[in-house]
Amino acid sequence: MLSVEQFITLGAILFCIGLYGALTKRNIIIVLVSVELMLNAVNINLLAFSRFGLMPSMNGQIFTLFAMTIAAAEVAVGLAILISLYRNRNTSDVRDQDLMKW
Amino acid sequence: MFGGIEFTGQNIAFFLISLFVIACGVMLLSLRKVLYMALAVGGVFIGVAGIYVMLEAEFLAFIQILLYAGAITIMMLFAIMLTKHDEVEKAQKVTAHPVWAAIAAVGLGGIVLYVTKFSGLRWPTPTDSPWEGQDNVKLIGESLFGQFVIPFELVSVVLIVALVGAITLANKEEK
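Owing to the predicted nature of the structure, the values given are computational and were not obtained by experimental measurement.

A. Inspection of the overall build of chain A at higher detail. Regarding its fold elements, chain A presents three helices and zero strands. Starting at the N terminus and walking to the C terminus, you meet the elements of chain A as α-α-α. A compact globule built from 102 residues should have a C-alpha radius of gyration of about 13 Å, whereas chain A, at 17 Å, is more than 25% larger. Principal-axis analysis of the C-alpha atoms places the extent of chain A at approximately 55 × 25 × 25 Å. Within chain A, buried positions represent 64% of all 102 residues. Partitioning the intrachain contacts of chain A with sequence separation of at least 6 by distance along the chain shows that 59% fall at a separation of at least 24. Positive and negative charge centroids in chain A, built from 7 and 6 side chains respectively, lie 4 Å apart.

Encoded structure:
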């Protein structure tokens, strides 16, 4: 029988991979992809608790559905921002995106 | 480490899928060409859909494949093609930054693993499926249009605002 521990362990590993990628990668699209990995890890946790938690219910699946929707919106806006940044500054390196640096 | 885990079909399937997911994630971190990295992420998304099936969320697994593995990966590939598509991640100079990032990631993972595995926390005992023989889509629909109507409407408003905003941002008028 599967248990909640296994899924939380997988979610933690996936979250750490995403965190490391988001902190170190240079390409702005890969940073966005790493954030998506972290969102996926959170979704796994939500579903694991909704199925194997103390009180199994449908709410975890609904929250996952909402998280996916917001993630899709986030990707659309993020890609639009990076394309307009690329058009203005001709680079896709996060380290050059210092428009708002104080 | 493997004490208490018996080798049923479910467990073997879980370990194979997690191995695939983690392998694709490590490929994301280690590959050099940006295009291949985006493809590796597609692998992670498909593997996570398999995990969703094991968690008895079939509808969400299909949505995951359609939305993430289909739409989002394709959008990422589009964005890569529209920017510098032959870009290679440069070899990182030995600076303190990746080291601190690795310490942060491994530290967070260590804390979570300690709490889940070794702190003696008692998890709920796994039960049989609470939704035995019921239609997943029907349950989600009833919940979504009964208990969660207002959040559902709000999410659709957010989605359309975000998409219109994205088009406005990316579509710059030539003066």
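B. Layout of the interface of chain A and chain B. Between chain A and chain B, the residue contacts involve 76 residues of the former and 82 residues of the latter. Across the chain A/chain B interface, buried area totals approximately 7200 Å², and carbon plus sulfur atoms make up 75% of it. Looking at the side of chain A facing chain B, the largest losses of area belong to A:Met1, A:Arg51 and A:Met68, adding up to 10% of the total buried there. At the boundary of chain A with chain B, the tally comes to two salt bridges. Across the pair B:Lys117 and A:Glu5 runs a salt bridge whose closest N-O atoms are separated by 3.6 Å. Put simply, chain A and chain B have nine residue pairs in polar contact (both at pLDDT 80 or more) between them. Mapped onto the side of chain A that touches chain B, the elements with two or more residues apiece are helix H1 (4-24), helix H2 (28-52) and helix H3 (59-89) of chain A. The leading source of residues in the side of chain A that touches chain B is H3(A), at 25 residues.

C. Broad picture of the side chain of B:Ser129. Relative to the helices and strands, B:Ser129 resides in the loop between helix H4 (96-118) and helix H5 (136-146). Here B:Glu56 takes part through its side chain, which lies 2.6 Å from a polar atom of the side chain of B:Ser129. Setting aside chain neighbours within four positions, we find B:Ser129 in contact with A:Arg51 and B:Glu56.

D. Geometry of the side chain of A:Ser50. Positionally, A:Ser50 belongs in helix H2. If sequence neighbours within four positions are ignored, A:Ser50 has contacts with A:Pro56, A:Ser57, A:Gly60, A:Gln61 and B:Trp131.

E. Representation of the environment of A:Leu46 in the model. All names here are of chain A. Relative to the helices and strands, Leu46 is located in helix H2. Considered as a pair, Leu46 and Ser3 are 43 residues apart in the sequence and their alpha carbons are 14 Å apart. Residues contacting Leu46, with those up to four places away along its chain left out, are Gly60, Phe63 and Thr64.

F. Main features of the packing of H1(A) against helix H1 (residues 9-30) of chain B. At their nearest, the axes of H1(A) and H1(B) sit 10 Å apart, and the two run at 5° to each other. Considering their axes alone, H1(A) and H1(B) lie roughly parallel with respect to each other. Between H1(A) and H1(B), the residues in contact are A:Gln6, A:Phe7, A:Leu10, A:Ile13, A:Leu14, A:Ile17, A:Tyr20 and A:Gly21 and B:Asn11, B:Phe14, B:Phe15, B:Ser18, B:Val21, B:Ile22, B:Gly25, B:Val26 and B:Leu29, respectively. Classifying every residue of the contact of H1(A) with H1(B) by side-chain character gives 12 nonpolar, five polar and no charged.

G. Layout of the nonpolar core. Within the largest apolar cluster, 58 residues are counted, with the highest numbers of intra-cluster contacts made by A:Phe7, A:Ile44, B:Tyr52 and B:Met76. Elements that contribute at least two residues to this core include exactly H1, H2 and H3 of chain A together with H1, helix H2 (34-54), helix H3 (58-82) and H5 of chain B. Element by element, the count of residues in this core is highest for H2(A), at 11 residues. Sequence-distant contacts of B:Tyr52, that is, excluding residues within four places in its chain, are made with A:Asn40, A:Asn43, A:Ile44, A:Leu47, A:Thr64, A:Met68, B:Ala57, B:Leu60, B:Ala61 and B:Gln64.

Criteria and thresholds
- Residues numbered from 1 in each chain as written.
- Chains lettered and ligands numbered in written order.
- Predicted model: local features only at pLDDT ≥ 70, side-chain atom pairs only at ≥ 80, totals over all residues.
- Heavy atoms only, no water.
- Helix = DSSP H or I, 4+ residues; strand = E, 2+ residues; numbered from the N terminus.
- Rg over C-alpha atoms; globule rule 2.2 N^0.38 Å.
- Buried < 20%, exposed > 50% of the residue type's maximum accessible area, 1.4 Å probe, protein only.
- Contact = heavy atoms within 4.5 Å.
- Lys, Arg positive; Asp, Glu negative; His and termini not counted.
- Charge placed at Lys NZ, Arg CZ, Asp CG, Glu CD.
- Buried area = accessible area lost by both parts, 1.4 Å probe.
- Salt bridge = Lys/Arg side-chain N within 4 Å of Asp/Glu carboxyl O.
- Polar contact = N/O pair within 3.5 Å; in protein donor to acceptor, adjacent residues only side chain to side chain.
- Axes fitted to C-alpha atoms, helices over the stretch in contact; angles between N-to-C directions.
- Parallel < 35°, antiparallel > 145°, perpendicular 65-115°, else oblique.
- Nonpolar A, V, L, I, M, F, W, Y, C, P; charged D, E, K, R; others polar.
- Core = buried A, V, L, I, M, F, W, Y, C linked by side-chain atoms within 4.5 Å.

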